[in-house]
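Report on the structure
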Amino acid sequence: FWMSRYIERAENLARLLDVTWQMSMVPQSLEAANQNWNAIIVLNSLEEAFARKYSEVNADNVLRFMVSDPDNSASLYSCLRMGRENAHAVRGTITAEMWETLNSTWLELRSQSYEQLTANGPGDFFEWVKTKSSLIRGVTLGTMLQDEAFNFIRIGTLLERADNTARILDVKYHVLKP
């Protein structure tokens, strides 16, 4: 359940960060761009945690906080770590292919610094996260017996999608309300 939620959360966050990064390339004021980056912090209810580490909301600070900060439980780093740790806890329930895919994803991520991950721009890294998430989901669907464990994994994925959708709608509602 939690394993699949963390992997789905990582994919959702990678998509959100990727769209925000792509939109930051569109000509706009610095204030408008920073509002878009702040929306990611607000969406994840991380205003206080972010403020403890950074004095300014901008692309670099938000990316560093949301990509590789091990102290941020909502960062891509933390989501993939927790997905792997939860898979390790249920190692006897998941298939060897699932474990290998999750474990190799974690080991590959852990071996690189933030600067290495974003050396060619963060878009390539976001694509990597989305690809790994799809691979994990595909291995799960293709190798697991469709039993109670499988159903819990699917429930976790779908619950995380619903939660993320509700958060996006909530933030957009408050932006559009005035």
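Residues numbered from 1 in each chain as written. Predicted model: local features only at pLDDT ≥ 70, side-chain atom pairs only at ≥ 80, totals over all residues. Heavy atoms only, no water.

**Here we look at helix α5 (residues 76-89)**
The test is simple: Put simply, DSSP H or I for four residues or longer makes a helix, DSSP E for two residues or longer makes a strand, and each gets a number counted from the N terminus. For a helix, the expected span equals 1.5 Å multiplied by the number of residues minus one. Think of it in three bands: residues with accessible area under 20% of the maximum for their type are buried, residues over 50% are exposed, and the middle band is partly exposed, with areas taken using a 1.4 Å probe on protein chains only.
In this model α5 runs 20 Å from its N-terminal to its C-terminal C-alpha over 14 residues, within 8% of the 20 Å that 1.5 Å per residue would give. Residues of α5 that are buried include every one of L76, S78, C79, L80, G83 and A87, and no others.

**Details of the packing of aromatic side chains**
Rule in force here: Aromatic pairs are defined between Phe, Tyr and Trp rings, using the six-membered ring for Trp, whenever the two ring centres lie within 6.5 Å; interplanar angles under 30 degrees are classed as stacked, those over 60 as edge-to-face, and all others as tilted.
For the coordinates displayed, the defined rule picks out seven aromatic pairs. Residues F50 and F65 carry aromatic rings whose centres are separated by 5.3 Å and whose planes lie at 80 degrees to one another, so their mutual orientation is edge-to-face. Taken together, the residues F50 in helix α3 (residues 47-53) and F65 in helix α4 (residues 59-67) connect sequence positions 15 residues apart. Here F50 falls in the buried class, since its relative accessible area comes to 4%.

**Quick notes on the pattern of salt bridges**
Using the following cut-off: Note on definitions: salt bridges are taken to be side-chain nitrogens of Lys or Arg within 4 Å of carboxyl oxygens of Asp or Glu.
Following the criterion strictly, the structure yields 14 salt bridges and no others. A salt bridge links K130 to D18; its shortest N-O distance comes to 3.0 Å. Here D18 lies in helix α1 (residues 2-24) and K130 lies in helix α8 (residues 122-143), a separation of 112 residues in the sequence. Exposure remark for K130: the relative accessible area of 10% places this residue in the buried category. By relative accessible area, D18 is classed as buried at 10%.

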